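# Fold and contact review
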Amino acid sequence: MTAKGDQKNDLSVAVLGVHQRFPSRFSYDHIVFGTIAALTVAFLVGIFVFLLTIGAGVFRHVSWQEFFWSSNWNPTAFVTPAWGIGALFTSTLIVTGLTVAISFPLGFAIALYLSHIAPRSVRECLKPTIEMIASIPSVVLGLLGILFVAPLVARVFGLSNGLNALTAALMVAIAALPTIASICEDALGSVPRRYEEASFALGASHWQTIRRVMIPAARSGLLAALILGLGRIIGETMIVLMVAGNSRALPQGILDPVRPMTATIAIEIKEVVIGSVHWQGLFAIGLILFVVTFVINFIADLLIRRHRV
Amino acid sequence: MVHASRREYIPFIIFQAATIAGVAILFMTLMLLWREGHAVLSWDFVMRPWSHRDITSGGIAQAIIGSLFVGMGVTLFSFPVGVATAVYLTEYSRETLWKRVIQLAIQNLAGVPSVVYGLFGLVVFVNTLKFGTTLIAAILTLSVMTLPWVITASVEALTAVPPRFRHSSLALGATRWQTVWRVVLPSAFPGCITGGIVGIARALGETAPIIIVGATFYLSGFPTSPFQKFMALPYHVFILATQHSNSSAQSYAAATALVLILMTFCLTLGAIIVRYRLRLKKDW
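Residues numbered from 1 in each chain as written. Chains lettered and ligands numbered in written order. Predicted model: local features only at pLDDT ≥ 70, side-chain atom pairs only at ≥ 80, totals over all residues.

### Things to note about the overall build of chain A
- Helix and strand counts for chain A come out as 13 helices and two strands.
- Relative to its length of 309 residues, chain A is extended, with a C-alpha radius of gyration of 25 Å against a globular reference of 19 Å.
- Looking at chain A residue by residue over its 309 residues, the buried ones come to 47%.
- The contacts of chain A with a sequence gap of at least 6 include a subset with a gap of at least 24, amounting to 70%. (Helix = DSSP H or I, 4+ residues; strand = E, 2+ residues; numbered from the N terminus. Rg over C-alpha atoms; globule rule 2.2 N^0.38 Å. Buried ≥ 20, exposed ≤ 12 C-beta atoms within 10 Å, placed from the backbone. Contact = placed C-beta atoms within 7 Å.)

Encoded structure:
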């Protein structure tokens, strides 16, 4: 394309104010940027394809029923290896459920305080502080769990060992807190100001306005925060690897040691033979994690889109 | 606004208490780490090379250098690619299905668990491309993981540049590339950098992919090329905390964690300050 044609095209659309709709499509820079942007799609598809092609191999040796329903995971057994992810999946569920129960109310309360209650100066100062929690590496939270929280939990509940699902959930809750708080805050902050003003004008008090107007108006965004937080919690690896207790038995309660799916991958992947059934099994677990988080993100995206409209 | 009755202050106090609890968590974390690790922490500990036999006689120099290399490598890969993708999305792409696909891919990449990135890196970089458990394999894996964060922040920075900047530039006869390079990117650059810094801070603290792709716990010298093995701070913390028999290993883990957290906090704080000053300076 000639420079002149380019200019004319862009100039006219600039005047019309619709330049996004008529870009110069076939210039070199367009092609270069487009190719780089396509990398993101390539990575996502690549991750999925690798997980699928390797992970699906496990089902040539193991039946679907055993893999998904059996709760006996013992791939290194000498005589009869067992391939059921039931216990691992239950572990993930328990830790995730507990973590959500702890971190969502707290994150929501923080978001509400920062977005609608705190004076401006307090907000300017506290918001970055809450954000700083996100930069605590998860391995550090795991270490704190081992050093301080596990002994505390053991003492409170009279256990011999404090490394269990509850301790893990407490630590993962800290890791998830800033994510949940910040998405909740986005949702609450994006409620149009006129809703608030209309409510005040009708004589509602501050709390009535928050409870009856702001929270209902932000409902789908808050739900999206819950779901995105869920995705983060399911994927958390280091904390559960260090403090969840690392037991492959089917957990019976929240004070049992557990071993979620992410931790299983991290523990076992270094010790398997490349291409073996065990290797494929771990990729199948990775595939499940990928699909679950994919679905979660998709739902959250739908909710956020509806929220914006 | 009608003033709240006394009864109505109760929920406000609860919300305030929750926020204070959140802030307290941050300070408790630092305090407890300090309590456990400050006795070990010294200039020697930071500067001296690691000694595997007797952990009390060595430092964590290799792990610090390894983490710095990882941070620099990730910046080198994910920052240019991330900003370029953001530029494509905001400046070039039309509102097509393809743009929507890219946006969805970015969102989903951001949600993929880090351990899954580890598996991806293990297959692609370590096994298929035959890099082995080297610095470059870890850097590339973490770069892919950091990419969505950098892109999201850059898109935000780029869309904040007012359209009239672009219109003026185009009206003066500049091509789209000239407009992007001379007008849009300079205005959006500090915002992009903020996103990049936050991404790198998280990549530095990320441990699961490094476990899978493979850092080493013991190294005699420093890595001199990206195709060598490396040590990293988060992996070091993990091994000291869980797999070392020495009774004082946990104090060493805490001290190492303090160094790591100092690095990520400085980066994050830097990003927050850049963003704050940007907001003050911005007159559009």
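Further notes follow.
### So, the overall build of chain B
- For chain B, the count of helices and strands is eleven helices and zero strands.
- Listing each helix as α and each strand as β along chain B from the N terminus yields α-α-α-α-α-α-α-α-α-α-α.
- Principal-axis analysis of the C-alpha atoms places the extent of chain B at approximately 70 × 65 × 35 Å.
- When each of the 284 residues of chain B is scored for burial, the buried share is 50%.
- Taking all contacts inside chain B whose residues are at least 6 apart in sequence as the whole, residues at least 24 apart take part in 75%.

### Some words on the packing of helix α5 (residues 114-128) of chain B against helix α6 (residues 135-159) of chain B
Residues and elements named next belong to chain B.
- Remark: α5 packs on α6, axes separated minimally by 9 Å, with the N-to-C direction vectors making an angle of 135°. Comparing their axes, α6 and α5 come out oblique. In the packing of α5 onto α6, the handedness of the crossing is right-handed. Together, Ser114, Tyr117, Gly118, Phe120, Gly121, Phe125 and Val126 of α5 and Ala137, Leu140, Thr141, Val144 and Met145 of α6 make up the contact between the two elements.
- In terms of residue class, the contact of α5 with α6 is built from eight nonpolar, four polar and no charged. (Axes fitted to C-alpha atoms, helices over the stretch in contact; angles between N-to-C directions. Parallel < 35°, antiparallel > 145°, perpendicular 65-115°, else oblique. Left-handed = near helix turned anticlockwise from the far one by under 90°. Nonpolar A, V, L, I, M, F, W, Y, C, P; charged D, E, K, R; others polar.)

### A closer look at the nonpolar core
- Core analysis: the biggest nonpolar cluster contains 187 residues, and Leu143 and Val172 of chain A together with Val237 of chain B have the highest contact counts within it.
- It is helix α7 (residues 165-189) of chain A that provides the largest number of residues to this core, a total of 18 residues.
- Excluding residues within four positions of it along the chain, Val172 of chain A makes contact with Val95, Thr99, Ile233, Glu236, Ile239 and Val240 of chain A. (Core = buried A, V, L, I, M, F, W, Y, C linked by C-beta atoms within 7 Å.)

### Digging into the interface of chain A and chain B
- With 80 residues of chain A at the interface, the matching set in chain B holds 79 residues.
- The greatest single-element share of the side of chain A that touches chain B, amounting to 15 residues, is contributed by helix α2 (residues 28-55) of chain A.
- Its residues assigned to classes, the side of chain A that touches chain B comprises 53 nonpolar, 22 polar and five charged.

### Some points on helix α10 (residues 219-235) of chain A
- Along its 17 residues, α10 of chain A runs 25 Å from first to last C-alpha, staying within 8% of the 24 Å computed at 1.5 Å per residue.
- Among the 17 residues in α10 of chain A, 13 count as buried, and that is most of the element. (Expected span 1.5 Å × (residues − 1).)

### As for unusual backbone geometry
- Despite not being glycine, Asn246 of chain A has its phi angle at roughly 55°, a positive value.
- You will see that Lys130 of chain B, though not glycine, has its phi angle at about 60°, which is positive.
- Within the secondary structure layout, Lys130 of chain B lies in the loop between α5 and α6.

### What to know about the domain arrangement of chain A
All names here are of chain A.
- Taken as a whole, chain A is organised into domain 1 (3-60) and domain 2 (82-308).
- For domain 1 and domain 2, the distance between their C-alpha centres works out to 33 Å.
- Counting from both sides, the interface comprises eight residues of domain 1 and, opposite them, eight residues of domain 2.
- Tallied by class, the residues present in the side of domain 1 that touches domain 2 amount to six nonpolar, two polar and no charged. (Domains from an automatic or database assignment.)

### Some remarks on the domain arrangement of chain B
Residues and elements named next belong to chain B.
- In terms of domains, chain B is made up of domain 1 (6-37) and domain 2 (43-281).
- Using C-alpha coordinates to define each centre, domain 1 is positioned 30 Å away from domain 2.
- Grouping the constituent residues of the side of domain 1 that touches domain 2 by class yields two nonpolar, one polar and one charged.

### Considering the packing of helix α8 (residues 176-205) of chain B against helix α11 (residues 249-281) of chain B
Residues and elements named next belong to chain B.
- Orientation of α8 relative to α11, taken along the N-to-C sense of each, is 165°, at an axis distance of 9 Å. As judged from the angle between their axes, α8 and α11 are roughly antiparallel. The handedness of the crossing between α8 and α11 comes out as left-handed. Residue-level contacts link Pro190, Gly191, Ile193, Thr194, Ile197, Val198, Ile200, Ala201, Leu204 and Gly205 of α8 to Leu260, Met263, Thr264, Leu267, Thr268, Gly270, Ala271, Val274, Arg275 and Leu278 of α11.
- Residues of the contact of α8 with α11, tallied by class, amount to 13 nonpolar, six polar and one charged.

### Brief notes about the confidence of the model for chain B
- Predicted confidence across chain B gives a mean pLDDT of 86, with 95% of residues reaching 70 or more.
- This complex was scored by the predictor with a pTM of 0.88 and an ipTM of 0.89. (pLDDT = per-residue confidence, 0-100.)

### So, the environment of Trp50 of chain B
Residue and element names in this part refer to chain B.
- Inspection of the secondary structure assignment puts Trp50 in the loop between α2 (43-47) and α3 (61-92).
- C-alpha of Trp50 to C-alpha of Ile60: the two residues are ten residues apart in sequence and 5.2 Å apart in space.
- What Trp50 contacts, discounting residues up to four positions off in sequence, is Gly58, Gly59, Ile60, Ala61, Gln62, Ala63, Tyr218 and Met231.

### Focus: the confidence of the model for chain A
Residue and element names in this part refer to chain A.
- When the pLDDT values of chain A are averaged, the result is 86; 91% of them are 70 or greater.
- Low pLDDT, under 50, characterises residues 1-9; the predicted model gives this stretch ten contacts beyond four residues in sequence or across chains.
- In this model, residues 11-23 is a region of pLDDT below 50 whose contacts with residues beyond four sequence positions or in other chains number 20 contacts.

### Looking at the environment of Ile304 of chain A
All names here are of chain A.
- Relative to the helices and strands, Ile304 is located in helix α13 (residues 277-308).
- Residues Ile304 and Leu222, 82 residues apart in the sequence, show an inter-C-alpha distance of 9.1 Å.
- In contact with Ile304, other than residues within four places in its own chain, are Gly221 and Ala224.

### Observations concerning helix α1 (residues 9-37) of chain B
- End to end, α1 of chain B covers 41 Å across 29 residues, agreeing with the expected 42 Å (1.5 Å per residue, within 8%).
- Looking at the packing, one finds that the buried side of α1 of chain B touches α4 (86-117), α5 (120-133), α6 (138-157) and α7 of chain A together with α11 of chain B.

### So, the environment of Ala84 of chain B
- Tracing the backbone through its elements, the reader meets Ala84 of chain B in helix α3.
- Owing to 20 C-beta atoms within 10 Å, Ala84 of chain B belongs among the buried residues under this scheme.
- With 180 residues separating them in the primary sequence, Ala84 of chain B and Thr264 of chain B have C-alpha atoms 25 Å apart.
- The residues touching Ala84 of chain B, leaving out its near neighbours within four places in the chain, are Phe33 and Ile36 of chain A.

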